[in-house]
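# Observations on the model geometry
If you want the building blocks of each chain, they are given just below.
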Amino acid sequence: MNDVVIIGSGCAGLTAAIYAARANLKPIVLDGHEPGGQLSLTTHVENYPGFPDGIMGPELIENMRKQAQKFGAEFKAGSVTEVDLRQRPFKITAGKETFEAQALIVAAGASARLLGLKGEKDLIGRGLSTCATCDGYFFRGKPIAVVGGGDSAMEEANFLSRYASRVYLIHRRNEFRASKIMIDRARANEKVEFVTPAVVEEILAPEGAVTGVRLRNPESSEKREIALDGVFVAIGHDPNTTVFRGKLETDENGYLLAKHGSLTSIEGVFVAGDVQDHRYRQAVTAAGSGCMAALDAEKFLEEHKG
């Protein structure tokens, strides 16, 4: 029997673990299918407070992990396959092990959707990114592409135009899902060039870093290449909430709903980080919500002693 089980080992889960461990709750942290979360796929993080020279994403995660372990958090590898939240203690199954918990913190994160191209994952941090606010700064004065057709793609194209010499907005159709105001804003930006309809067939990276893209026009089958230094994929995120469907409240996109900070519709279950945040999606906001969840869990356990 455990006081607290934390699902997820990204910024939110690790911050929750630090706080819960310092409160002597001896939390168990289940790594999840992407240990370290999205930060472990990021190279240089320059916007996390306290690091004037920046820090590598995996190093930041490793430091948080060590800090949690120092105070008594225990880590277990594996993805959660089943949860029973009908009564306390809650039961959480990961692999062959089942854990019982008086309080549960869900910090399972969200995964950025990729284009599904061969070798794409290997290029993350080598010119391929899924986060404009994280990585835009590294492309000062360089040509880049944003792939997508929704509001976030328009927003990222505009944001990246602050740094890049040119932003190619690539979308497979001539119509966009984005709202009219966002499309108009991007079209009015002289640095943004719309490339439609176009499908990215290949990200060119002969030396292991992005040098361009090969595109195909789906209507004419005509092919073309564009030389550039970065590709930002902005086709959305999927929250890692499959296992909670029908058990915790979600919005229409599958993100868990938080009430009054980190509380959920089930007493004793708390949520933190990108699993419930499709708006900010920053390391610092994830860490902040992990802190909130741990403090809420501690208060809940204090009130339900015995």
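Everything discussed here concerns the structure shown above.
So, here is what we can say about the structure in this document. (Residues numbered from 1 in each chain as written. Predicted model: local features only at pLDDT ≥ 70, side-chain atom pairs only at ≥ 80, totals over all residues. Heavy atoms only, no water.)

Our focus in this paragraph is the sheet that holds strand E16 (residues 223-227). Strand pairing in a sheet takes place through backbone hydrogen bonds and is either antiparallel or parallel in direction. Sheet architecture is open: three strands sit in the order E14-E15-E16, paired in antiparallel fashion. Across the chains shown, the open sheet's two edge strands, defined by having one partner strand only, are strand E14 (199-204) and E16. Taken pair by pair, the neighbouring strands of this sheet meet at an average axis angle of 25°, ignoring direction. The pairing of strand E15 (residues 212-216) with E16 spans five bridges and is classified as antiparallel. Within the sheet, the bridge partner assigned to Leu215 lies in E16 and is Arg224. (Pairing = 2+ DSSP bridges. Helix = DSSP H or I, 4+ residues; strand = E, 2+ residues; numbered from the N terminus. Axes fitted to C-alpha atoms, helices over the stretch in contact; angles between N-to-C directions.)

Below, the discussion takes up the layout of surface pockets. Looking at the second largest pocket, its volume works out to about 250 Å³. Counted by class, the lining of the second largest pocket contains seven nonpolar, three polar and two charged residues. (1 Å grid on protein atoms, 1.4 Å probe; cavity = no way out; pocket = protein on both sides within 12 Å on 5 of 7 lines; lining within 4 Å. Points joined across faces, edges and corners; volume = space filled by probe spheres on them. Nonpolar A, V, L, I, M, F, W, Y, C, P; charged D, E, K, R; others polar.)

Every buried residue belonging to helix H5 (residues 180-187) is among Met182, Ile183 and Ala186, and all of these are buried. Seen from one end, H5 has its buried residues packed into an arc of 100°, which puts them on one side. Opposite the buried face of H5, by more than 90 degrees, sit the exposed residues Lys180 and Ile181. For H5, the elements touching its buried residues are helix H4 (151-160) and strand E13 (192-195). (Buried < 20%, exposed > 50% of the residue type's maximum accessible area, 1.4 Å probe, protein only. Arc of directions from axis to C-beta. Contact = heavy atoms within 4.5 Å.)

Let us now look at the pattern of salt bridges. According to the stated counting rule, one finds 15 salt bridges in the structure shown. Put simply, Glu82 and Lys247 hold a salt bridge, and the shortest N to O gap is 2.6 Å. Pair noted here: Glu82 is in strand E6 (residues 80-84) and Lys247 is in the loop between strand E18 (237-239) and strand E19 (269-271), with a separation of 165 residues, a long-range link. Of the charged contacts, one joins Glu202 and Arg214 as a salt bridge, the two residues approaching to 2.3 Å between their closest N and O atoms. Placement of the pair is Glu202 in strand E14 and Arg214 in strand E15, with a sequence separation of twelve residues. Classification of Arg214 by relative accessible area gives partly exposed; the value is 26%. Among the ionic contacts, a cluster of salt bridges with common partners joins Glu201, Arg216 and Lys223. (Salt bridge = Lys/Arg side-chain N within 4 Å of Asp/Glu carboxyl O.)

Mapped onto the fold, Thr15 is located in helix H1 (residues 11-22). Here Thr15 falls in the buried class, since its relative accessible area comes to 10%. Excluding residues within four positions of it along the chain, Thr15 makes contact with Met64, Ala287, Gly290 and Cys291.

Right, let's talk about unusual backbone geometry for a bit. For the bond running from Arg88 to Pro89, omega is 0°, close enough to zero to count as cis. If you trace the backbone, Pro89 turns up in the loop between E6 and strand E7 (90-94). A cis amide bond links Thr196 to the next residue, Pro197, at an omega of -20°. The topology assignment puts Pro197 in the loop between E13 and E14. Even without glycine at this site, Asn24 takes up a positive phi of about 65°. With respect to the helices and strands, Asn24 occurs in the loop between H1 and strand E2 (28-30). The exposure class of Asn24 is exposed, given its relative accessible area of 53%.

Before going further, it helps to spend a moment on the pairing of E7. Where burial is concerned, most of E7 is hidden: four out of the five residues are buried. Bridge analysis of E6 against E7 gives four bridges, and the strand direction is antiparallel. The residue bridging Asp84 from the neighbouring strand is Lys91, located in E7. Where E6 hands over to E7, the hairpin turn is made up of five residues, counted between the paired strands. Direction of pairing for E7 relative to strand E8 (residues 97-106): antiparallel, over a ladder of five bridges. Looking at the pairing, Lys91 lines up with Glu100 of E8.

Another point: the packing of aromatic side chains. The tally for this structure, following the rule as stated, stands at six aromatic pairs. Look at Tyr48 and Phe51: their rings are 6.4 Å apart centre to centre, the planes differ by 45°, and that puts the pair in the tilted class. Assessed through its relative accessible area of 29%, Phe51 is described here as partly exposed. The structure contains a cluster of three or more aromatic residues connected by ring pairs, namely Tyr137, Phe159 and Tyr163. Taking the ring centre of Phe71 as reference, the NZ or CZ of Arg22 above it sits at 5.5 Å. Here the guanidinium or amino end of Arg65 rests over the ring plane of Phe75, the centre of that ring lying 4.2 Å away. (Phe/Tyr/Trp six-rings, centres within 6.5 Å; stacked < 30°, edge-to-face > 60°. Lys NZ or Arg CZ within 6 Å of the ring centre and 35° of its normal.)

Just geometry here; none of it tells us what the structure is for.
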